[in-house]
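Examining the three-dimensional arrangement
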Amino acid sequence: MSDTRLVAAALLFLCVLHVSGRRIRNLETNGISTAIEEFTNEALLPRFAEPIPNVTVTIGRDALLACVVDNLRGYKVAWVRVDTQTILSIHHNVITQNPRISLSYNDHRSWYLHIKNVHEADRGWYMCQVNTDPMRSRQGYLQVVVPPSIVDRETSTDMVVRESANVTLTCKATGYPEPYVMWRREDGDDINYNGENVNVVDGELLHITKVSRLHMGAYLCIASNGVPPSISKRVALRVQFPPMLSIPNQLEGAYVGQDVSLECHTEAYPTSINYWTTERGDMIVSGDKYEAVSMDNGYNKYMMLKIRSVSKTDFGSYKCVAKNSLGETDGVIKLDEIPAPSTTSTSTSSFVTPPVVVKKKGRDRQWKQRHSDNQLDYEVEGWRAPDYDDDYTLPSMGSPPARRPQGARSTAGAPSDGVTWFLSSLLCWSVLYSSYS
């Protein structure tokens, strides 16, 4: 009984093995066939030759999206706007009602979507799809960039403020990507900002505390985002303050007949009214006698009063005056008389040497007379005999010789002054010697 069961079980197992083997062989054959069929079908189906490139275009320009499909055969290509699920075109036909969108194709392989005069609303994903089962598709992104622009209604205009007040300049700009905004002075000078001198201030706001006249000028708000062109707006800042005055020389000197100029420097905004007055308070008007000059440089003003051919009555005080709506100031310049420059002249002063009286005072006494003037010192010296008892008056020898400038020459044929004096002295000695004899 047990042997019979064993034989039956073995036969059943063999049957199962036989049936399973046939099924495995059938499955293998079917799998290979399916794979071959799928490969063959894939080779016959359309395929994208390349991805759709992303495109960046400036607003207002034209955009072009390209879709390249190989082995399209009888299948059709469609363009779809992804975010709105709007069908733009199917095969050769444009479906959308947007007049800015058109279609072109080449050799049944390249399909081009044209968008004219691109708007910001055109930014987004676009799909090129083929109507296979399942559908095949590729996507490309259209980036629309916008150059910066300044929003005038939200941006400061020209401003006038009082000195020491706080002021804020605002600049609002739009664009895509978001613009970078900065402030700088139009003249290129540094800005005194929060106690530091800086050339550029970043951001939409330029806040100045305790504004001074040094902040006065034109400022540029500049917006840029990498999309040309950058843009700027000019904002003029005017700082009001009463006149201030400085005088380089408060005391001037001139001689009669000389031309002289008096100077003043003033600062004021609004621009001041400047004029000169005399000591009596009379306003000076340009004419033959006076010439009043005024030159502006921003809030600085240079004043000059030229007085021609100064006379005695012109000496005294002059006042320069500056006035505006916030106040007035003045300064005084005094004009004093100085000696006129002397003309150089050479003259020889003549003099007569007083007579020399010699009295007898003993034996063999020496006598001496010294002559001097501002040009030459010299002495006359002599001896007297023991028995000489009379007074003797030494004849005058005239003025001593004048010194001739170095390098000067005597008149031809005439003895020099030195020779003349020497001969005169020799003659005197001769007379004296004869008297003693």
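Heads up: the structure comes first, above all this text.
Because the structure is a prediction, the values reported are computed rather than measured. (Residues numbered from 1 in each chain as written. Predicted model: local features only at pLDDT ≥ 70, side-chain atom pairs only at ≥ 80, totals over all residues. Heavy atoms only, no water.)

**Section: the nonpolar core**
The biggest cluster of nonpolar side chains holds 23 residues, and the ones touching the most others in it are Trp-79, Tyr-126 and Leu-142. Contributions of two or more residues to this core are made by strand S2 (55-58), strand S3 (63-70), strand S4 (77-81), strand S7 (101-106), strand S8 (110-115), strand S9 (124-130) and strand S10 (136-150). Counting residues per element, this core draws most heavily on S3, at 4 residues. The residues touching Leu-142, leaving out its near neighbours within four places in the chain, are Val-55, Val-57, Ala-63, Ile-115, Asp-122, Arg-123, Gly-124 and Tyr-126. Core analysis: the next-biggest nonpolar cluster, separate from the first, contains 22 residues, Ile-191, Val-201, Tyr-219 and Val-235 among them. (Core = buried A, V, L, I, M, F, W, Y, C linked by side-chain atoms within 4.5 Å. Buried < 20%, exposed > 50% of the residue type's maximum accessible area, 1.4 Å probe, protein only. Helix = DSSP H or I, 4+ residues; strand = E, 2+ residues; numbered from the N terminus. Contact = heavy atoms within 4.5 Å.)

**Observations concerning the state of the cysteines**
Under the counting rule described, the total for this entry stands at 3 disulfides. In this model, Cys-171 is linked to Cys-221 through a disulfide, with the two sulfur atoms separated by 1.6 Å. Where Cys-171 bonds to Cys-221 through sulfur, the torsion about that S-S bond is close to -55°, and the disulfide is left-handed. Placement of the pair is Cys-171 in the loop between strand S12 (167-170) and strand S13 (173-176) and Cys-221 in strand S19 (residues 217-224), with a sequence separation of 50 residues. By relative accessible area, which is 0% here, Cys-171 ends up buried. Each disulfide of the protein chain joins two cysteines, and with those cysteines numbered along the sequence the arrangement is 1-2, 3-4, 5-6. (Disulfide = S-S within 2.5 Å.)

**Concerning the pattern of salt bridges**
Summed over the entire model, instances satisfying the criterion amount to 16 salt bridges. Two residues, Arg-213 and Glu-267, come together in a salt bridge whose shortest N-O distance is 3.0 Å. Taken as a pair, Arg-213 in the loop between strand S18 (205-208) and S19 and Glu-267 in strand S22 (residues 260-269) lie far apart in primary sequence, 54 residues in all. By relative accessible area, which is 26% here, Glu-267 ends up partly exposed. (Salt bridge = Lys/Arg side-chain N within 4 Å of Asp/Glu carboxyl O.)

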